[in-house]
Amino acid sequence: MATAVEQAFRICGARVICPFSGRDEVRDLHVRGGVLCADAGPDACVIDADGLAILPGFVDLSAHLGDPGYLWRETLVTGSRAGAAGGFTTVVASPDTDPVIDRGPLLANLEQRAAAVSGARVRFAGALTERLAGMELAEIGCMVDAGAAAISDGGRAVGDALVLRRALEYAQPFGVPVILRPAEPELEKDGVVHEGPVALRIGLRGLPSASEEMGTGRAVALARLTRARVHLHGISTAQAVRQVRVAQEQGLDVSCGIPARNLILVDEDVARSQYDTSLRLLPPLRTGTDREALLQAVRDGVAMVTAGHVPLSRVEKEHEFERSAPGGAGLESAFAATLTALDGDLALVAEALSTRPASVLGERAALSEGCRADLVLVDPLAETCIGAPQFSMGVNEPLSGRTLRGAVKATMVAGRWAFNTLLP
Amino acid sequence: MSDSTARVARRKDMLGLRGVSREEITQILDTAAQIRRVNRRRVKKVPTLRGRTVVSAFFENSTRTRMSFDLAAKRLSADVLGFSAGSSSTKKGETLMDTARNIDAWRPDCLIIRHPSAGAPHMLAKAFDWSVINAGDGIHEHPTQALLDMLTMRDHLGTLEGRTVAIVGDVLHSRVARSNIFGLTTMGAKVVVAGPGTMCPPTLEALGVEVRHRIDEVLEDAHVVMMLRVQRERLGKAVMTEVAEYARLYGLDLDRLQRARPDVLVMHPGPINRGVEMTPDVADGERSVVLEQVSNGLAVRMALLYLLLGEDGGDGDRG
């Protein structure tokens, strides 16, 4: 890999979109030594990218990579490859593992292993509470020192408001973002789909929007109280984005991420699919009204888009709907889903998938000279028929069977091709 | 067997009454009304399904529905085999699909399934080419129960069009109520539901019914009062208060019945909790048609097996 970093590339003819600097034009992009530069030199490898667009590499803040403990779902290696294939240059792995990533040494060990992956850069979120049990604080400080990108209880919602308050207070001086799934656990027991007329009709128990609304309200109130940096991941309701919008207007450091699929699919799709378990998701697919509010929040800069990547095996999904495990793979389809939902607005896609999530990690996703060469080449006019994931081990792609706009052609991580369909 | 059988395209499965047309429901009820004659003969068996194999798989306790289906298949001369959750390998960790693949290896013609999870019959119907009949999936649907209820109502009321059916009790968690609501509204009946707020929330209106609270508000206009079974052991946290309060506020007794139409029909999917949903004098009284429901259940299930599997619809050779 050392040689890769020294390699030089001149990527020619693409529309280069950098929301960070506001530049959007057709120009050549030069890469040498892992960074963007003015001139890659005469020995640079020339890549013809005519008709393609270059965006800053995508960043996902909460992906389940199954490693350690659930290696039949995903590993650091496959998750990293799936990320790169989806245009992601950084993927933050959530701590929903076995053992849970709740100690410094484990996180340090994972960091070491992640240094060897060939696809997207993998970073880690350390647990907020021990074993994600929501009772005692995890070794937040040691994990931050070991390189944790964020602190999070992953897919679990912290039910105890006092524990959540203490966790935010404890994490705040470390400066790391705290990633929370906003929910009221007691209201979600037995729920498998959005609570509403569709659930009523098809006889499935509901996850009420009120749960996410309460979880969001509590997180916002405690962010105000503790001044912690809070990122709410897996937002799916109109009420929750409204609360985040107000919090941001009041100057709180609260951000939120919406799974790309929630910008495309709605609860009626579960009924149409006749109980297809790949649509058993958390957060669930909500109503058309929610979807409109989510789209507006992305357009207004209130929300970013996430892959919502929870890969699962056939054995975990081939069950009755209520008994199947919740979650969907998403790293490989997130770009096409987002581009389709945002009507082909590439600049907005770059903000939603790159600039905004990078800023949660305190990074700049930019395509200017001197910046780390994290970028993705996409074909905005390609039609992609979504199928089962090709790189992820997960079988559960909720968008499977749909034709979406756009395809990822190549992904570069710090000057190294992590995924490339352009090279011969 | 019936002139009406030619009217409606043959279906592979009966998973629920939602989306089933008025014509098709009428066809099933007409066929059941004719097929009843078999059950009144001395030799109660016809050779219609000879050589066909019907498997009944009950993943939830059931005595009457399972016996009714078994008897229906036997009276049509099908070979019947069945199992219930207790005797199957599901308790040994086998998934539903594994079990179904094993059943598939015996090349059955029809599977009758009752399962605690909504959509379980749909999953099998999608994956296999044999017919699937839903005998109750979670809180979703129980189509044969609703069909037998509608047959019983039609026997007494002549038609379902324009009639008012009151359903009282835990409508939210009732597959019997859902199937009846779908079927009855398709047939042009008006459905009014009543019960505690945790069992009859206003959101039920999305199903096309009127939602009231007290039983007294629905009794006066109803041609039919259907009392749902209270399954206290299955209710979640804080859904219900004391049984005595339920009986007092939502139960049917003679005093209340006297305020209803004199020809009102009292129905119950059984088994009845006497003294809870209704008092014994109502349950066993002259307005109760509970036992007719049971006997119509057999007829409806025979009709459905005949319509799904009978030879005259073609597809005699299933490969």
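Definitions and cut-offs
Residues numbered from 1 in each chain as written. Chains lettered and ligands numbered in written order. Predicted model: local features only at pLDDT ≥ 70, side-chain atom pairs only at ≥ 80, totals over all residues. Heavy atoms only, no water. Pairing = 2+ DSSP bridges. Helix = DSSP H or I, 4+ residues; strand = E, 2+ residues; numbered from the N terminus. Axes fitted to C-alpha atoms, helices over the stretch in contact; angles between N-to-C directions. 1 Å grid on protein atoms, 1.4 Å probe; cavity = no way out; pocket = protein on both sides within 12 Å on 5 of 7 lines; lining within 4 Å. Points joined across faces, edges and corners; volume = space filled by probe spheres on them. Nonpolar A, V, L, I, M, F, W, Y, C, P; charged D, E, K, R; others polar.

Strands belonging to one sheet form pairs held by backbone hydrogen bonds; the direction of such a pair is parallel or antiparallel. Residues and elements named next belong to chain B. Spatial ordering of the open sheet is given by 7-6-5-8-9, a layout of 5 strands whose pairing is parallel. Two strands in the sheet have a free side with no partner beyond their single neighbour: strand 7 (210-212) and strand 9 (265-267). Between one strand axis and the next, the sheet turns through 20° on average, direction left out of account. As defined by bridge partners, strand 5 (residues 164-168) adjoins strand 6 (residues 190-194) across 5 bridges and the pair is classed as parallel. Considered in strand 6, the bridge of Val 165 is made with Val 191.

Bringing empty space enclosed by the protein into the picture now. Residues and elements named next belong to chain A. Counted under the stated rule, the structure contains 5 cavities of 30 Å³ or more. In this structure, the largest cavity encloses a volume near 80 Å³. Forming the boundary of the largest cavity are Arg 156, Ala 157, Val 158, Leu 164, Leu 180, Arg 181, Pro 182, Ala 183, Gly 215, Arg 218 and Ala 219. Per-element accounting of the lining of the largest cavity gives the leading share, 3 residues, to helix 7 (residues 209-226). Its residues assigned to classes, the lining of the largest cavity comprises 7 nonpolar, 1 polar and 3 charged. Approximately 60 Å³ is the volume attributed to the second largest cavity. As for the second largest cavity, its lining consists of Val 59, Asp 60, Leu 61, Ser 62, His 231, His 233, Gly 257, Met 304, Val 305, Thr 306 and Pro 357. Among the elements of the structure, strand 8 (58-63), strand 15 (230-233) and strand 17 (304-306) are those that each provide at least two residues to the lining of the second largest cavity. Element by element, the count of residues in the lining of the second largest cavity is highest for strand 8, at 4 residues. Considered class by class, the residues forming the lining of the second largest cavity number 5 nonpolar, 5 polar and 1 charged.

All names here are of chain A. An order of 5-4-1-6 is seen for the 4 strands of this open sheet, with the pairing classed as mixed. Each end of this open sheet is capped by a strand with a single partner; those strands are strand 5 (35-37) and strand 6 (45-48). For this sheet the average axis-to-axis angle between neighbouring strands, irrespective of direction, equals 30°. Bridge count between strand 1 (residues 8-12) and strand 4 (residues 29-32): 4 bridges; the pairing is antiparallel. Within strand 4, the residue paired with Phe 9 across the bridge is Val 31.

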